[in-house]
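Each chain, written out:
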Amino acid sequence: MIEDLDLQSADAGVPAHFGDPMREQRLLETAVGLVDRSNRDVIAVPGDERASWLHTLTTQHLSGLRKDQGSELLVLSPHGHVEHHALVTEDGTTAWLDTEPGAGAGLLRYLEMMRFFTRVEPREATGELAVLSLVGPGAADLVPGLGEPRVGEVPGAKFAAGSVPPEPTSLYSVREFEGGLARRVPLGVDLLVPRVTRTAVIEKLGVPRAGLWAYEAIRAARRIPRLGWETDHRTLPSEAGFLASGVHLDKGCYRGQETVARVHHLGRPPRRLVLLHLDGVASDHPPARGTAVELDGRTVGFVGTAVRHHELGMIALAVVKRNVADDARLTVGESAAAIDLE
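One structure accompanies this document, and this report is about it. Predicted model, so just to flag it, every value in this text is computed and none were measured.

So, how was this worked out
Residues numbered from 1 in each chain as written. Predicted model: local features only at pLDDT ≥ 70, side-chain atom pairs only at ≥ 80, totals over all residues. Heavy atoms only, no water. Helix = DSSP H or I, 4+ residues; strand = E, 2+ residues; numbered from the N terminus. Buried < 20%, exposed > 50% of the residue type's maximum accessible area, 1.4 Å probe, protein only. Contact = heavy atoms within 4.5 Å. Axes fitted to C-alpha atoms, helices over the stretch in contact; angles between N-to-C directions. Parallel < 35°, antiparallel > 145°, perpendicular 65-115°, else oblique. Left-handed = near helix turned anticlockwise from the far one by under 90°. Pairing = 2+ DSSP bridges.

Attention shifts here to the side chain of Glu 239. Considering the arrangement of structural elements, one finds Glu 239 in the loop between α6 (212–221) and α7 (243–246). For Glu 239, a relative accessible area of 2% puts it in the buried group. Excluding its chain neighbours within four sequence positions, the residues that come into contact with Glu 239 are Arg 234, Pro 269, Pro 270, Arg 271, Arg 272 and Leu 273.

Listed below in structure tokens is the structure:
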């Protein structure tokens, strides 16, 4: 559950920066850098029925997921609120799910409760695989043989009854790499490598290092949401930007599907994800996650990720009410804020 996440310590244990976060951001935008994201939780799902089982439990179309493919998925509450988000990587015998630090235990509990008589054996695997990310336009050159990532356009793929089962709305190319797996994603290439060889892999790659602060700045500027930061206990997938990458709108039943379909087809979601430009914020004191976004003295949303970007200045991903105008002058703490329309 989202409320179980300890956001204060979630990113502890991995480097925040290597002395110059602005230079590291430029590296990730213009060349390639390696970011240690080994704090992410990992779950292994082996078993003959893993694809069809995950298909029925999640928002993604996974029944046809094949070896060397990856995607993204959500687990929703019965009322359609986001409870879990994970990336899935299929190697032919196991589906590997990596999720936010601290979120793995809750996701695993849910999967274990839903096993029944299905031939799957989900287990905690954070001690087995560690996530490293090659970020930037040069990332794919370091792991040749990976196709371009594909993220569908909302409202998602449509298909005719009786046709070949469609692919997931997000489809990521996967290949074996250094005893683990490499997955092509929108920001570059994620490496899921044996944790015992993580340091050796980093040294062998010889790629300049960048910290998590730089990664978060690039992610925020690209408007990529993060579970627990751009979500709360009542977030709908369409509010936080998860619809295109994590939800297939033309698949069979799953928990929370009725709400997803109703919001999409009959009306707009009550909130939306926006990128804010903040004025008057000290470079070392970005607003904390959960800081209220106000309009004329009333709260209209909350801040998720707030960072200083090397070109855009202080920015923040925020979730605000749908009826907030695009040209509204907002307030975040003591700072003025404007919505970025690009």
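Next comes the rest of the account.
The next point concerns the packing of helix α1 (residues 21–30) against α6. Geometry of a packed helix pair, given as the angle between the helix axes and the separation of the axes. Between α1 and α6, whose axes approach to 8 Å, the crossing angle comes to 55°. It follows that α1 is oblique to α6 by the angle criterion. For the element pair α1 and α6, the recorded crossing hand is right-handed. Where α1 approaches α6, its residues Pro 21, Glu 24, Gln 25, Leu 28 and Glu 29 are matched on the opposing element by Trp 213, Ala 214, Tyr 215, Ala 217 and Ile 218.

Let's shift gears to the environment of Phe 177. Here Phe 177 is to be found in strand β9 (residues 170–177). Classification of Phe 177 as buried rests on a relative accessible area of 9%. What Phe 177 contacts, discounting residues up to four positions off in sequence, is Val 143, Ala 182, Leu 191, Val 201 and Leu 205.

Along strand β15 (residues 298–309), nine of the 12 residues are buried, which leaves the element largely enclosed by surrounding structure. Here four bridges tie strand β14 (residues 292–295) to β15, and the two strands are oriented antiparallel to one another. Paired with Leu 295 across the bridge in β15 is Arg 298. Where β14 folds back on β15, the antiparallel hairpin that results is connected by two residues, among which Asp 296 adopts a positive phi of roughly 55°. Where β15 lies against strand β16 (residues 313–321), seven bridges are found, and the strand directions are antiparallel. Residue pairing for β16: Arg 308 is matched across the bridge by Met 314. Between β15 and β16, which pair antiparallel and follow one another directly, the connecting turn spans three residues.

Fair warning: the whole summary comes from geometry, so function is off the table for now.
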